[in-house]
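Residue-level listing of the chains:
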Amino acid sequence: MYRSPSHLSETARKAVADTLNERLADGLDLHSQIKVAHWNIKGPGFAALHPLFETFAIGLAAHNDTIAERAVTLGAKAFGTARYVASHSKIPDYPQETTRDLEHVKLLAERIEAYLAGCRASRTVAEQNADTDSVDLLTGVISEFEKHAWFLRASLDT
Ligand SMILES: [Fe+2]
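These figures come from a predicted structure and were not determined experimentally.

A. Structural view of the overall build of the protein. For the protein, the helix and strand inventory stands at five helices and zero strands. Secondary structure elements of the protein, listed N to C terminal, follow the sequence α-α-α-α-α. At 16 Å, the protein has a C-alpha radius of gyration in line with the 15 Å of a compact globule built from 158 residues. By principal-axis analysis of the C-alpha atoms, the protein measures approximately 55 × 30 × 20 Å. Buried residues in the protein amount to 46% of all 158 residues. A separation threshold of at least 6 residues defines the contact pool for the protein, and within that pool the share at least 24 residues apart is 78%. As displayed, the protein has an accessible area near 8,100 Å², and 56% of this comes from carbon and sulfur atoms. Averaging the coordinates of the 17 positive side-chain charges in the protein and doing the same for the 21 negative ones gives two points 3 Å apart.

Here it is, written out as structure tokens:
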């Protein structure tokens, strides 16, 4: 661990940075999956869903950057190459042959829910280590992506 402006102990900083790196791997994986859905979607829902998925991707790219920079601020390194992500992400792989609009909606809803479960677990680690700033960061991610999951589930009527 490197020096950090944080007031937290090195042990606490490492615990939070480790969990943030897990969410970075998930988030980078999910971002690539959302883009695949954005590119390949076909069907009557295309006009609404193609730009909606892009909105998700833009928001997630910003969160990934914020999460990575928080880990480094805490004195750790951020890990995010494609190969690292492929071996560390907890998000199920995406069936890239999918084209049908509502099938993409279902697949993304499930994967966003998996991402959210990880974010909640990471927020608990941040709470346990009294890292209020990482708690706030993750709460912002969670509330935004819960809203996205709602959009998708509403599209599926489930
Ligand atoms: Fe595009």
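B. View of the packing of helix α2 (residues 46-73) against helix α5 (residues 132-156). Taken N-terminus to C-terminus, the directions of α2 and α5 make an angle of 165°; their axes are 11 Å apart at the nearest point. With respect to each other, α2 and α5 are oriented roughly antiparallel. Relative to α5, α2 is oriented so that their crossing is left-handed. Of the residues in α5, those in contact with L52, F53, F56, G59, L60, H63, T66, I67 and R70 of α2 are D133, S134, L137, V141, E144, F145, H148, F151 and L152. Within the contact of α2 with α5, the residues separate by chemical class into ten nonpolar, five polar and three charged.

C. Looking closely at the nonpolar core. Ranked by size, the top nonpolar core spans 37 residues in total, and within it I34, F53, I112, Y115 and L152 carry the most contacts. Of all the secondary structure elements, the ones that give two or more residues to this core are α1 (10-40), α2, α4 (101-128) and α5. With nine residues, the single largest contributor to this core is α2. If near-sequence neighbours (up to four positions away) are discounted, F53 is found in contact with I34, A37, H38, I41, H104, V105, L108 and L152.

D. Seen up close, the pattern of salt bridges. In total, this model carries ten salt bridges according to the counting rule given. Measuring nitrogen to oxygen at the nearest pair gives 3.6 Å for the salt bridge that ties E22 to R23. The partner of E113 in a salt bridge is R153, with the nearest N and O atoms 3.0 Å apart. Taken together, the positions of E113 in helix α4 and R153 in helix α5 put the pair 40 residues apart, joining distant regions of the chain. Salt bridges linked by common partners bring E22, R23 and D26 together as one network.

How each quantity is defined
- Residues numbered from 1 in each chain as written.
- Predicted model: local features only at pLDDT ≥ 70, side-chain atom pairs only at ≥ 80, totals over all residues.
- Heavy atoms only, no water.
- Helix = DSSP H or I, 4+ residues; strand = E, 2+ residues; numbered from the N terminus.
- Rg over C-alpha atoms; globule rule 2.2 N^0.38 Å.
- Buried < 20%, exposed > 50% of the residue type's maximum accessible area, 1.4 Å probe, protein only.
- Contact = heavy atoms within 4.5 Å.
- Areas by Shrake-Rupley, 256 points an atom, 1.4 Å probe, with all protein chains shown as cover.
- Lys, Arg positive; Asp, Glu negative; His and termini not counted.
- Charge placed at Lys NZ, Arg CZ, Asp CG, Glu CD.
- Axes fitted to C-alpha atoms, helices over the stretch in contact; angles between N-to-C directions.
- Parallel < 35°, antiparallel > 145°, perpendicular 65-115°, else oblique.
- Left-handed = near helix turned anticlockwise from the far one by under 90°.
- Nonpolar A, V, L, I, M, F, W, Y, C, P; charged D, E, K, R; others polar.
- Core = buried A, V, L, I, M, F, W, Y, C linked by side-chain atoms within 4.5 Å.
- Salt bridge = Lys/Arg side-chain N within 4 Å of Asp/Glu carboxyl O.

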